[in-house]
Amino acid sequence: MTAAPMTEDERLPQPAAADIDLVTVLHALGDPVRMRLLLSYADGAEHSCAPRDLGLEHLHKSTVSHHMRVLREAGVTATRVAGRNRFVSLRRTDLDARFPGLLDALLSAAPAPGPV
């Protein structure tokens, strides 16, 4: 199930699709926790920010929030605000348009999810 498009007031700040930079994206994905998040988000669904729901219950909530912010500011993800909740989704369309084949290459080369 795909999510409805977000309005500007529901979305946390993120770069425009044309402003997504390859070096910034690769730097953001150079961390094992953020690669783990990418694998979780690759299903195309929205995900809550709860560490337990992402298989990261061993990390502090503020650490997981930091990793999510890095991905969002790099243009890898979008975050929708709904009251006190945040929902994250992969910006696959934008990334595929900017860097064709990059996500497919990263996802196929990524190791199976395990502890990070």
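A short tour of the structure in this document, coming up.

Reading guide: rules and limits
Starting afresh in each chain, residues are numbered from 1 along the sequence in its written order. In view of the model being predicted, local features appear only for residues whose pLDDT reaches at least 70, and side-chain atom pairs are presented and counted only at 80 or more, with totals across whole chains, interfaces and linings using the full set of residues. Only hydrogens and water are set aside when side-chain values are computed; all heavy atoms of the structure are taken into account. At least two DSSP bridges between two strands are needed for those strands to be called paired. Helix and strand assignments follow DSSP, with helices taken as H or I runs no shorter than four residues and strands as E runs no shorter than two, numbered in order from the N terminus. Salt bridges are defined by distance alone: a side-chain nitrogen of Lys or Arg within 4 Å of a carboxyl oxygen of Asp or Glu. Categorising residues by exposure relies on relative accessible area from a 1.4 Å probe, with only protein chains included: less than 20% of the type maximum marks a residue as buried, more than 50% marks it as exposed, and the intermediate range marks it as partly exposed. Each direction from the helix axis to a C-beta atom contributes to the arc, which is the arc of those directions. Contact criterion: two residues are considered in contact whenever any of their non-hydrogen atoms come within 4.5 Å of each other.

1. Quick notes on the pairing of strand β2 (residues 77-82)
Alright, step 1. The pairing of β2 with strand β3 (residues 85-90) spans six bridges and is antiparallel. Note that in β3 the partner of Val81 across the bridge is Arg86.
Alright, step 2. Following β2, the chain reverses through two residues before pairing antiparallel with β3; Gly83 in that reversal takes a positive phi of roughly 65°.

2. Concerning the pattern of salt bridges
Alright, step 1. Following the criterion strictly, the structure yields six salt bridges and no others.
Alright, step 2. With a shortest N-O distance of 2.8 Å, Glu46 and Arg80 are connected by a salt bridge. Here Glu46 is found in the loop between α2 (32-41) and β1 (47-48), whereas its partner Arg80 is found in strand β2, with 34 residues between them in sequence.
Alright, step 3. Glu46 sits in the partly exposed class, given a relative accessible area of 26%.
Alright, step 4. Several salt bridges share partner residues, and in doing so they unite Arg92, Asp96 and Asp104 into one network.

3. Thoughts on helix α5 (residues 102-109)
Alright, step 1. Among all positions of α5, only Leu102, Leu103 and Leu107 are buried. Down the axis, α5 shows its buried residues gathered within 120° of arc, on one side only. Away from its buried face by more than 90 degrees, α5 exposes Ser108 and Ala109.
Alright, step 2. Where α5 is buried, its residues meet α1 (22-28), α2, β3 and α4 (92-98).

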